[in-house]
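Reading the structure
In case you want the letters, here they are:
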Amino acid sequence: MQDISAVARAVREPAMTDVARLAGVSHQTVSRVLNDHPNVREQTRLRVRAAIAELGYRPNRAARTLVTGRSQQIGVVAQNSTLFGPNSTLAAFELAAAAQGFAVSVRRVRVLDRSSIAAAVEHHRDQRVAGIVVIAPTASAAEALAEIPADVPLVAVDGDPDRGGALVTVDQEAGAFAATRHLLEAGHQTVWHVSGPLDWFDAAGRARGWQRALEEAGAEIPPVSSADWSAASGYRAGRMLARMPDVTAVFAANDHLALGIIRAMAERGRSVPHDVSIVGFDDVPEAEYFSPPLTTVRPDFDAVATETLALLLARIEGEAGPSLRILSPTLISRESVTAPRV
């Protein structure tokens with residue numbers, strides 16, 4: 001007759017004691033390896049890691065919380081939208097957190113206002129998360145963060161650099177400056193701008209960078225065409241710009257706006273880049289397959305995620321005071337920019 005206990009062991013999830021037995025160490029040593037304790041010899045650490053991989057062992061997060069006194073879950077507050085930038089930031093953060101042994105619980109809100117963010121933060125606090133990340137790209141979100149208790153370990157992403165507290169953001173102004181200067185250096189006399197909603201810090205920063213580049217070059221500063229972030233909104237702005245023969249260069253506040261502008265220009269018989277050069281922002285995966293491939297500004301979403309997690313862990317460990325991380329984006333030159341016709 002088959003040993004019933006052996007059958008039970010075969011079908012149950014592997015436990016820490018199984019890892020310890022296979023690695024030839026105590027379960028306390030396994031626990032120290034799982035918690036990255038420094039007082040473990042490297043050879044022992046490798047043996048335990050090999051046993052974990054062989055058995056497919058998954059740590060019990062609830063038990064680990066009891067041992068370490070710290071939850072292994074991080075709460076994120078984000079707007080319920082399909083926008084490329086915020087969603088890329090969230091996806092990169094989930095991967096970075098998982099690599100450090102943290103689960104991520106996302107609370108999406110319809111609008112980033114005071115009551116919605118406060119309710120989402122309270123939800124995460126009720127779940128006893130270790131810390132909270134708020135993707136806060138709008139002015140209303142920044143106002144809401146000012147009311148979060150100071151003892152909550154919290155990091156904002158893409159928020160207001162002047163707010164104080166812990167913040168990780170992309171240098172939007174520097175990216176826009178580089179995009180505009182690239183168009184000026186191609187020989188264009190000035191650059192028109194289609195912005196995102198100016199209550200977004202991203203859009204406001206990009207507008208400042210565009211204007212600063214024109215001012216430093218002594219170029220004329222055209223009026224801004226304000227839009228939302230969609231290709232449809234870019235198309236509407238592009239139809240207006242396409243009717244103006246003196247428009248030879250456009251900096252769009254994101255790639256979807258640029259796509260709409262390219263469509264509007266084509267319908268008017270104006271070729272990109274031969275009649276109008278265009279630069280976008282974000283470097284969406286489709287940007288290099290636009291017609292023509294789009295010159296754009298690429299934020300490093302992985303670096304944003306890594307810096308956010310590092311800053312949050314410091315907050316969890318009790319580090320206080322303002323902490324600001326501003327990360328530089330990269331200009332990606334493709335085929336949508338050329339010298340203007342003479």
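Provided above is the structure to which this section pertains.
A brief report on the enclosed structure follows. A quick note: this is a predicted structure, and the numbers were derived from the prediction, not measured.

Listed in full, the buried residues belonging to helix 2 (residues 16-23) are Asp 18, Val 19, Ala 20 and Ala 23. On the buried face of helix 2, the contacting elements are helix 3 (27-34) and helix 4 (42-55).

Turning to the sheet that holds strand 5 (residues 166-170), a few remarks are in order. The strand order across the open sheet built from six strands is 2-1-3-4-5-11, with neighbouring strands paired in parallel fashion. A single partner strand is all that each edge strand has here, and the edge strands are strand 2 (103-109) and strand 11 (323-327). Taken pair by pair, the neighbouring strands of this sheet meet at an average axis angle of 20°, ignoring direction. Relative to strand 3 (residues 131-135), strand 1 (residues 73-79) runs parallel, the two sharing four bridges. Bridging across to strand 3, Val 77 finds its partner in Val 134.

What follows concerns the packing of aromatic side chains. Taken as a whole and assessed by the stated rule, the structure comprises two aromatic pairs. With a centroid separation of 5.8 Å and an interplanar angle of 80°, the aromatic rings of Phe 84 and Phe 301 are classed as edge-to-face. A residue pair is termed long-range when its members are at least 10 positions apart, and Phe 84 in helix 6 (residues 84-99) and Phe 301 in helix 13 (residues 301-316) qualify at 217 residues. Note on Phe 84: relative accessible area 21%, which makes it partly exposed. On the basis of relative accessible area, Phe 301 is assigned to the buried category, the value being 13%. For the ring pair Trp 200 and Trp 229, a centre distance of 5.7 Å and an interplane angle of 75° mean the geometry is edge-to-face. Pair noted here: Trp 200 is in the loop between strand 6 (192-195) and helix 10 (201-217) and Trp 229 is in the loop between strand 7 (225-226) and helix 11 (231-242), with a separation of 29 residues, a long-range link.

Here strand 8 (residues 249-252) shows no split at all, with Ala 249 and Phe 251 on one side and Val 250 and Ala 252 on the other all buried. Examined bridge by bridge, strand 6 and strand 8 share three bridges and lie parallel to one another. Within strand 8, the position partnered with His 193 by the bridge is Phe 251. In this structure, strand 8 lies alongside strand 9 (residues 277-279), joined through three bridges in parallel fashion. Its bridge partner being in strand 9, Phe 251 is matched across the sheet by Val 279. You can see the chain leave strand 8, run along helix 12 (residues 255-267) and come back into strand 9, and the turn it takes is right-handed.

Here is what the cut-offs are and how they apply
- Residues numbered from 1 in each chain as written.
- Predicted model: local features only at pLDDT ≥ 70, side-chain atom pairs only at ≥ 80, totals over all residues.
- Heavy atoms only, no water.
- Buried < 20%, exposed > 50% of the residue type's maximum accessible area, 1.4 Å probe, protein only.
- Helix = DSSP H or I, 4+ residues; strand = E, 2+ residues; numbered from the N terminus.
- Contact = heavy atoms within 4.5 Å.
- Pairing = 2+ DSSP bridges.
- Axes fitted to C-alpha atoms, helices over the stretch in contact; angles between N-to-C directions.
- Phe/Tyr/Trp six-rings, centres within 6.5 Å; stacked < 30°, edge-to-face > 60°.
- Right-handed = clockwise from strand over helix to strand, strands pointing away.

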